Amino acid sequence: MKVISLIKPENVYLPEAEAYKSYFSRHGFLCEIQSPDAFTEPDILWRFMGTDPFFRFRPKRSFNIHEYGSLSIPPFPKTKDYIKRIINAKPDARVFLNNDIEKKYRFNGSARPFYRPMGVEEAFIKEGKRHHQPEFDLIYCGSITKSRDIDKALYNLSKSSLTILLIGTPEAEIYKNFKNFKNIHFAGRIGRKDLPKAITLGKYGLNITPNIYPYSFQDSTKVIEYCALGLPVISTKHDWSSNFAQKNNATFHYIDNEYEDLQHLTAERLQKIDFAIPNMESYSWSSIIDRSQILDWLKTL
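Note that the structure is predicted; figures quoted are calculated from it, not measured.

Trainee: What is the right way to look at the overall build of the protein in this model?
Mentor: The secondary structure content of the protein amounts to 13 helices and twelve strands. For the protein, the residues scored as buried account for 50% of the 301 residues in total. Here the analysis covers contacts within the protein between residues at least 6 apart in sequence; of these, 67% occur between residues at least 24 apart. Surface accessibility of the protein: about 15000 Å² in total, with carbon and sulfur atoms responsible for 50%. Separation of charge centres in the protein, based on 42 positive and 35 negative side chains, amounts to 3 Å.

Structure below.
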């Protein structure tokens with residue numbers, strides 16, 4: 001039995017790591033999630049990048065896979081990506097979130113490319129088929145940081161009659177500035193097992209993605225999870241959200257990129273919007289990894 005070591009940085013939210021572990025374990029591999037400094041000598045060494053400098057020790061007998069699920073974030077994202085391209089070792093294969101990310105990195109060499117878009121756990125799809133009693137108008141799940149413009153969105157929501165529950169660890173300044181508003185509630189970080197049910201505490205899923213590099217063309221985990229749970233989506237408009245909606249016959253309600261629309265949204269107005277929520281069965285992790293054809297390649301090693 002061949003061993004796959006998934007090298008995952010600590011305290012980083014990567015649902016794909018657990019998805020890989022479950023999937024490849026069902027297909028004849030011993031698959032383990034390990035920290036960057038504690039892996040053994042597996043047959044397949046799979047790193048979530050980051051960096052993997054060419055001068056770093058790596059087991060000679062291992063096949064090396066680099067996964068790029070995103071581009072570098074500000075400040076200086078393009079400079080960071082250039083440094084990665086120069087110093088990272090050449091793996092046997094690379095896995096990209098999508099074709100756009102591969103193009104932005106502009107890697108040279110013969111490493112086999114694979115494409116694995118963001119998927120969703122079966123637990124979300126199952127929970128989405130149940131009946132729920134929302135307690136808040138809006139739910140937001142994800143990074144609660146200024147770099148994601150959450151402070152601007154909350155400023156406008158503080159002037160709205162809508163209630164919102166935010167799931168995730170907020171930056172200290174954001175929490176300090178908005179914790180005393182009666183319509184804004186912070187749940188903190190919630191464990192993965194409890195997350196599907198927690199998200200359904202909101203009637204509508206809120207996605208705040210700044211329409212800037214690199215966020216605008218990266219898959220939105222939030223949107224995929226909201227849809228899987230059967231929540232109508234309120235979102236900023238950017239390349240990925242528009243393409244996803246068109247591809248999946250979804251109808252979202254788009255807000256302006258200054259978030260001022262949030263001041264004027266009301267529960268009554270939202271009820272009149274004709275949302276369309278896509279069927280997300282094809283976004284289950286098993287389906288996503290099947291279509292990537294990574295398994296077929298691994299079986300030939």
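On we go.
Trainee: Would you explain helix 5 (residues 150-157) in this entry?
Mentor: Of the positions making up helix 5, those classed as buried are I150, A153, L154, N156 and L157. On an axial view of helix 5, the arc spanned by its buried residues comes to 160 degrees, and they lie on one face. Looking at the buried side of helix 5, the elements it contacts are strand 7 (136-141), strand 8 (164-167), helix 6 (172-178), strand 9 (184-188), strand 10 (202-207) and helix 10 (261-264).

Trainee: I'm lost on the packing of aromatic side chains in this one. Help?
Mentor: The description of two aromatic rings rests on the distance between their centres and on the angle between their planes. Inspection of every chain in the model, using the stated rule, returns 21 aromatic pairs. Plain terms: the ring middles of F252 and Y254 are 6.2 Å apart, the flat faces sit at 70 degrees to each other, and that makes the pair edge-to-face. For F252, a relative accessible area of 8% gives the class buried. Through a chain of ring-to-ring contacts, the aromatic side chains of Y20, Y23, F24, F29, W46 and F48 assemble into a single cluster.

Trainee: Would you mind showing me how to read a nonpolar patch on the surface here?
Mentor: Nonpolar side chains collect at one region of the surface, where Y82, I83 and I86 lie side by side and expose about 300 Å² of accessible area between them. Tracing the chain through its elements places Y82 in helix 2 (residues 77-87).

Trainee: Would you mind showing me how to read empty space enclosed by the protein here?
Mentor: Where empty space is left can be seen by rolling a probe of water-molecule size over the atoms. In the structure shown here, the tally under the stated rule is one cavity of 30 Å³ or more. If you add up the space inside the largest cavity, you get close to 40 Å³. Together, Y140, I150, A153, L154, L157, I164, L166, L206 and I208 line the largest cavity. The set of elements that each furnish at least two residues to the lining of the largest cavity consists of helix 5 and strand 8. Top element by residues in the lining of the largest cavity is helix 5. It accounts for four residues. Looking at the lining of the largest cavity residue by residue, the classes come out as nine nonpolar, no polar and no charged.

Trainee: Looking at this model, I keep getting lost on the environment of T266. Mind explaining?
Mentor: Considering the arrangement of structural elements, one finds T266 in the loop between helix 10 and helix 11 (267-271). Spatially, the C-alpha atom of T266 lies 47 Å from that of R26, the residues being 240 residues apart in sequence. Beyond its immediate sequence surroundings of up to four residues, T266 is in contact with S161 and L162.

Trainee: It is not clear to me how the sheet that holds strand 3 (residues 44-48) should be interpreted in this structure. Could you clarify?
Mentor: Strands pair in a sheet through their backbones, by hydrogen bonds, and they do so in one of two ways: parallel or antiparallel. The strand order 2-1-3-4-5-6 describes an open sheet built from six strands, whose pairing is parallel. Lying at the two open borders of the sheet, with one neighbouring strand each, are strand 2 (30-34) and strand 6 (112-115). Mean inter-strand twist for the sheet, computed between neighbouring axes without regard to direction, equals 20 degrees. In the packing of helix 1 (residues 15-25) onto the sheet, the strands contacted are strand 1 (3-7), strand 2, strand 3, strand 4 (63-68) and strand 5 (93-96), and the crossing angle to strand 2 comes to about 160 degrees.

Rules used in this analysis
Residues numbered from 1 in each chain as written. Predicted model: local features only at pLDDT ≥ 70, side-chain atom pairs only at ≥ 80, totals over all residues. Heavy atoms only, no water. Helix = DSSP H or I, 4+ residues; strand = E, 2+ residues; numbered from the N terminus. Buried < 20%, exposed > 50% of the residue type's maximum accessible area, 1.4 Å probe, protein only. Contact = heavy atoms within 4.5 Å. Areas by Shrake-Rupley, 256 points an atom, 1.4 Å probe, with all protein chains shown as cover. Lys, Arg positive; Asp, Glu negative; His and termini not counted. Charge placed at Lys NZ, Arg CZ, Asp CG, Glu CD. Arc of directions from axis to C-beta. Phe/Tyr/Trp six-rings, centres within 6.5 Å; stacked < 30°, edge-to-face > 60°. Patch = residues over 30% accessible without salt bridge, like charges linked within 9 Å, V, L, I, M, F, W, Y side chains within 5 Å. Salt bridge = Lys/Arg side-chain N within 4 Å of Asp/Glu carboxyl O. 1 Å grid on protein atoms, 1.4 Å probe; cavity = no way out; pocket = protein on both sides within 12 Å on 5 of 7 lines; lining within 4 Å. Points joined across faces, edges and corners; volume = space filled by probe spheres on them. Nonpolar A, V, L, I, M, F, W, Y, C, P; charged D, E, K, R; others polar. Pairing = 2+ DSSP bridges. Axes fitted to C-alpha atoms, helices over the stretch in contact; angles between N-to-C directions.

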